[in-house]
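# Examination of the molecular architecture
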Amino acid sequence: NKLLLRSGVNILAGPRKEVEKLRSMLSTNEYLVSENGDFVAPCDKIRTLGISLGGMMVNLEAEELTSSRDPDSATHEDCTIPLHALDDWENQLWAIGDSLFHKYYAQFDWANLRVGLATAKKSSDNLV
């Protein structure tokens, strides 16, 4: 599989068959797919997503994956995860956006066509 890191968008997208498996693993079977393709599930049922990137395990917690609480939910207890299934992607390509960049720092090495990831330092409340 190949991974496309996209800053500026909060999305996780991949081949339909894989995304459908991932949706059922991320939450109990209590989920739906909205009209725009987002994955909506009860906030308290969303599990941690672990992604192996070049031998490094990247764990994204539910609050890092969710883009918002669903405003259409009567109780606002549903969370939206921008997890999209794409039919036209070949070669098992995946894309991940800002949910990764909140927790990890990415260093792009264009000369050697590689990317390095490290846990980002938490911001301080004492910023000047």
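This write-up is about the structure you can find in this document. The shown structure was predicted, so the numbers you read here are calculated from the model rather than taken from an experiment.

A separate point is the layout of surface pockets. In this structure, the largest pocket occupies an estimated 350 Å³ of space. Taken together, 15 residues make up the lining of the largest pocket; nearest its centre are Asn1, Gly50, Ile51, Ser52 and Trp94. The dominant element in the lining of the largest pocket, judged by the number of residues it contributes, is strand S5 (residues 49-53), at five residues. Grouping the amino acids of the lining of the largest pocket by side-chain chemistry returns nine nonpolar, three polar and three charged. The calculated volume of the second largest pocket comes to roughly 190 Å³. Considering the residues around the second largest pocket, the lining is formed by Lys2, Leu3, Leu4, Leu5, Leu53, Phe108, Trp110, Val115 and Leu117. Breaking the lining of the second largest pocket down by element, the ones donating at least two residues are strand S1 (2-5) and strand S12 (114-119). Examining the composition of the lining of the second largest pocket, we find that four residues originate from one element, S1, more than from any other.

About the cut-offs
Residues numbered from 1 in each chain as written. Predicted model: local features only at pLDDT ≥ 70, side-chain atom pairs only at ≥ 80, totals over all residues. Heavy atoms only, no water. 1 Å grid on protein atoms, 1.4 Å probe; cavity = no way out; pocket = protein on both sides within 12 Å on 5 of 7 lines; lining within 4 Å. Points joined across faces, edges and corners; volume = space filled by probe spheres on them. Helix = DSSP H or I, 4+ residues; strand = E, 2+ residues; numbered from the N terminus. Nonpolar A, V, L, I, M, F, W, Y, C, P; charged D, E, K, R; others polar.

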